[in-house]
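What the coordinates show
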Amino acid sequence: MTTKKPNVVFVFGDQHRLCDVGYAGNNQVKTPNLDRIASQSCELTWAISGMPVCCPYRASLMTGQYPLRHGVFLNDLCLDTEGEYLGEAFKRGGYDTAYVGKWHLDGHGRESFIPRERRRGFDYWQVLECTHDYNHSPYFGDSDRQQLWQGYDAFAQTDCAIDYIKSHDRERPFFLILSYGPPHNPYETAPDEYKRMYNPDDIVLRPNVPEDTQARARADIAGYYAHISALDHAIGKLYDAIFDAGIGEDTIFIYTSDHGDMLYSQGEVRKQKPWDESIRVPFVLHWQNRLGHCGKLFNSIDIMPTLLDLCGLPLPDSMDGRSIAPYILGEADCNDNADDIDSCDAVIIECISPFGEYTRDRGGREYRGLRTRRYTYVVGLDAPWLLYDNERDPYQLRNLIGEVEYAEIQSKLDARLRLMLKERGDEFLPGDCYIKQRGYKVDSTGTMPYGK
């Protein structure tokens, strides 16, 4: 779509939900830089994390494939699937490639060295598989000598990304991913100056937080906001550095997240759940003064084809996702009749097999569902589970399953979901079946232990 290849800086936080940025209407959390960037950018208001948990999202980002296809439907697995990876596609397209921060796709130990052959096309490399000790955070470069980010790791990682940008050869385009650990819990470990910005007693909760969890919710959200404000500072610094380097209008700059965080909405915590706090994420894209909102609904699998398409690079046949670049560029109309269930935009949301903090004894379950702009519809293995009319009920307080008024809508959503599952070859089996098919050996939490 363009003859001149833009640079790409793709930044994402871990567990940052859409409802907790200022530009999305939250006047409690302080995100002046993200708000400024959003005002100068295209805000994609309907970014959905289809399988809202760390490793499955990251594998879909790197492959453009659904989790059942790339196989990473649990945490701590090694991504190894057929087809071209995101970094490889950019490298083949003439880009220098760089990755800084959290990887979480190697499956050989959370603090293990990742050799070049498992970096999936990324050359510049300052990475750790996974840690959430943000103030004592190790990483590796090209050697197996472990190094340590100084201070709060998101700040040090941002400085590293800025150094890469400043020193990069202007004659070659670059593709840089910066992957933060915050605002993922632990919530209480942001730098003190940001923690002082938030008093738990002042936090106004979402209406879907039950009364018996509200004290814990206020304490956790205050810390969560502190992480977000710290990230906001880092993101603003990085964004400004791109313009200071004279490449602002030649660079696609994106901020998003892998999934959200329930933070006691619906009485739930963390991710993997089908409610909006878990599946809806921020997504702002700055490039060549493209302003306003893009109302196209899209899923995690669509990010890789969209990035490649924006940069005029070929789209590998191995991807399940589709490019929404024409909608971002204003070449296609985002109009979506949200009431026409047979034709409206719809994306699949899913849990292949519950694990980690979403174990069966904590209510974890397999599910498949649809998120349209208006409706959320989710089924379990045995029966329909959830139906929300999000236009009338934005906090998803009233489950409409079985209500006579919505019987026809439920039937149409169910038929649309079954058709989409059939089209992708998803039989919707119990999670244990997929674990057995792949030969995974899980622990008591349903997660794959390293090296198994």
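I will try to describe carefully the structure that is included in this document. (Residues numbered from 1 in each chain as written. Predicted model: local features only at pLDDT ≥ 70, side-chain atom pairs only at ≥ 80, totals over all residues. Heavy atoms only, no water.)

To continue, consider the layout of surface pockets. It is the rolling of a water-molecule-sized probe over the atoms that shows where space remains empty. For the largest pocket, the calculated volume is near 630 Å³. Elements supplying a minimum of two residues to the lining of the largest pocket: α7 (214–244) and α8 (276–279). Considering only residue class, the lining of the largest pocket consists of eleven nonpolar, six polar and eleven charged. The calculated volume of the second largest pocket comes to roughly 230 Å³. If you go around the second largest pocket, you meet 16 residues; those closest to its centre are Asn 75, Arg 110, His 184, Lys 271 and Glu 357. The residue makeup of the lining of the second largest pocket, split by class, is three nonpolar, eight polar and five charged. (1 Å grid on protein atoms, 1.4 Å probe; cavity = no way out; pocket = protein on both sides within 12 Å on 5 of 7 lines; lining within 4 Å. Points joined across faces, edges and corners; volume = space filled by probe spheres on them. Helix = DSSP H or I, 4+ residues; strand = E, 2+ residues; numbered from the N terminus. Nonpolar A, V, L, I, M, F, W, Y, C, P; charged D, E, K, R; others polar.)

Here the focus is empty space enclosed by the protein. By the definition in use, this model includes three cavities of 30 Å³ or more. Its boundaries defined by the atoms lining it, the largest cavity holds a volume of some 80 Å³. If you trace the largest cavity, you find 15 residues lining it, with Gly 101, Lys 102, Thr 131, Ser 137 and Gln 157 closest to the centre. Listed by contribution, the elements that provide at least two residues to the lining of the largest cavity are β3 (96–102), β4 (124–128), β5 (138–139) and α5 (153–167). When residues of the lining of the largest cavity are assigned to their parent elements, the largest contribution, three residues, is made by β4. Partitioning the lining of the largest cavity into residue classes produces six nonpolar, six polar and three charged.

Turning our attention to the nonpolar core. Nonpolar side chains in soluble globular proteins tend to be buried together. Judged by nonpolar contacts, the single largest core of 59 residues is most densely connected at Phe 10, Met 62, Phe 90 and Phe 175. In this structure Phe 10 touches Tyr 57, Leu 61, Phe 175, Leu 176, Ile 177, Leu 178, Ile 254, Thr 256, Phe 283, Ile 303 and Leu 307, once residues within four positions along its chain are discounted. The next biggest cluster of nonpolar side chains, apart from the first, holds 57 residues, and it includes Leu 178, Tyr 224, Ile 228 and Ile 247. (Core = buried A, V, L, I, M, F, W, Y, C linked by side-chain atoms within 4.5 Å. Buried < 20%, exposed > 50% of the residue type's maximum accessible area, 1.4 Å probe, protein only. Contact = heavy atoms within 4.5 Å.)

Burial within strand β7 (residues 174–183) is extensive, with ten of its ten residues counted as buried. For strand β1 (residues 7–14) and β7, the ladder comprises six bridges, and the chain directions are parallel. When the sheet's bridge partners are listed, Phe 10 is paired in β7 with Ile 177. Here β3 pairs with β7 via six bridges, running parallel. By the bridge assignment, Val 100 is partnered in β7 with Leu 178. (Pairing = 2+ DSSP bridges.)

Before going further, it helps to spend a moment on the sheet that holds β1. Across a sheet, paired strands are connected by hydrogen bonds in the backbone, their directions being either parallel or antiparallel. Ordered in space as β4-β3-β7-β1-β8-β9-β2-β10, the eight strands form an open sheet in which the pairing is mixed. In this open sheet, the two strands that pair with only one neighbour each are β4 and β10 (292–294). Across the sheet, the mean angle separating the axes of adjacent strands is 15 degrees when strand polarity is ignored. By the bridge criterion, four bridges tie strand β8 (residues 251–257) to strand β9 (residues 283–286) in an arrangement that is antiparallel. (Axes fitted to C-alpha atoms, helices over the stretch in contact; angles between N-to-C directions.)

Treat this as a map of the structure, not an account of what it does.
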